[in-house]
Amino acid sequence: VAFIGDSYTSGVGASDPSLRWSTLLATANGWEELNLGVSGSSYGQGLDEWNSYALQVEKAIAAQPDVVIGSGGLNMSELDQELGVESVFTDLRAGLPDARILAVSPFWVSTAYPAQLTLTANLIKSDVAAVGGEYLDIGHLFEDEFQYFELDGLHPDDAGHQLIANAVDAGLPVEIGG
């Protein structure tokens, strides 16, 4: 299973890579994990090349996984959202015609989900569905849950990564995990 994402996926905030949400999820389901997450990255194509998910997509396609799980959305700007989100999923489907493609709803550290992130979530949901993928709406896990972000106020600690892993696992289709 390949994981595409930003700092949350790469494990920023976890005390050890084995405690990041993607690794916890992979371990719980007996998967071989390929974590391609890069801190500061996004779906967007208008950003510098190093932090666009496009590079992670290329690596995922080269690895030929059975499942790809994408997450993120915090690092998006309005200008690069629509093309970036769509191209991630169309490129994944073109390169991995038989893979299961899943997208996790974006995370947010606050009491109020901003309108811009709601727009991003809607784009992700429609674009992953357009390629036959599945959207995992795990809800607003961190609403009024600031105790998970005591390290830097932005990234979840070990308990926060466990919370994400549990929520994603609960939302997985039965034939994949869950």
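Right above here is the structure, for reference.
Residues numbered from 1 in each chain as written. Predicted model: local features only at pLDDT ≥ 70, side-chain atom pairs only at ≥ 80, totals over all residues. Heavy atoms only, no water.

*Asks:* So what's going on with helix H6 (residues 158–171)? Which residues, and what values?
*Replies:* End to end, H6 covers 20 Å across 14 residues, agreeing with the expected 20 Å (1.5 Å per residue, within 8%). For H6, every residue scored as buried is listed here: Gly 160, His 161, Ile 164, Ala 165, Ala 167, Val 168 and Asp 169. The elements touched by buried residues of H6 are helix H1 (7–10), helix H2 (21–29), strand S4 (100–104) and strand S5 (134–136). For H6, the capping residue at the N-terminal end is Asp 157, with a side-chain oxygen 3.1 Å from the backbone nitrogen of Ala 159. (Helix = DSSP H or I, 4+ residues; strand = E, 2+ residues; numbered from the N terminus. Expected span 1.5 Å × (residues − 1). Buried < 20%, exposed > 50% of the residue type's maximum accessible area, 1.4 Å probe, protein only. Contact = heavy atoms within 4.5 Å. Polar contact = N/O pair within 3.5 Å; in protein donor to acceptor, adjacent residues only side chain to side chain.)

*Asks:* Quick rundown of the pattern of salt bridges? Include the residues and the values.
*Replies:* Summed over all chains, the structure comprises two salt bridges. Ionic pairing is found between Glu 33 and Arg 20, a salt bridge with its closest N-O pair at 3.6 Å. In this pair, Glu 33 is assigned in the loop between H2 and strand S2 (34–35) and Arg 20 in the loop between H1 and H2, connecting sequence segments 13 residues apart. Judged by relative accessible area, which is 15%, Arg 20 ranks as buried. The partner of Glu 134 in a salt bridge is Arg 100, with the nearest N and O atoms 2.5 Å apart. Placement of the pair is Glu 134 in strand S5 and Arg 100 in strand S4, with a sequence separation of 34 residues. The exposure class assigned to Arg 100 is partly exposed, which follows from its relative accessible area of 25%. (Salt bridge = Lys/Arg side-chain N within 4 Å of Asp/Glu carboxyl O.)

*Asks:* Break down the packing of aromatic side chains for me, with residues and values.
*Replies:* Enumeration according to the criterion identifies seven aromatic pairs in this entry. Ring centres 5.6 Å apart and planes at 90° place the aromatic pair Phe 3 and Trp 21 in the edge-to-face group. Pair noted here: Phe 3 is in strand S1 (residues 2–4) and Trp 21 is in helix H2, with a separation of 18 residues, a long-range link. Residues Phe 3 and Trp 21 agree in their burial class; the two are buried. Centre to centre, the rings of Trp 21 and Phe 107 are 6.4 Å apart; their planes meet at 75°, and the pair counts as edge-to-face. With Trp 21 in helix H2 and Phe 107 in the loop between S4 and helix H5 (115–130), this pair connects stretches of sequence that are 86 residues apart. The exposure class assigned to Trp 21 is buried, which follows from its relative accessible area of 0%. Phe 107 gets classed as buried once you look at its relative accessible area, which sits at 5%. Cluster of aromatic residues (ring-pair linked, three or more members): Phe 3, Tyr 8, Trp 21 and Phe 107. (Phe/Tyr/Trp six-rings, centres within 6.5 Å; stacked < 30°, edge-to-face > 60°.)

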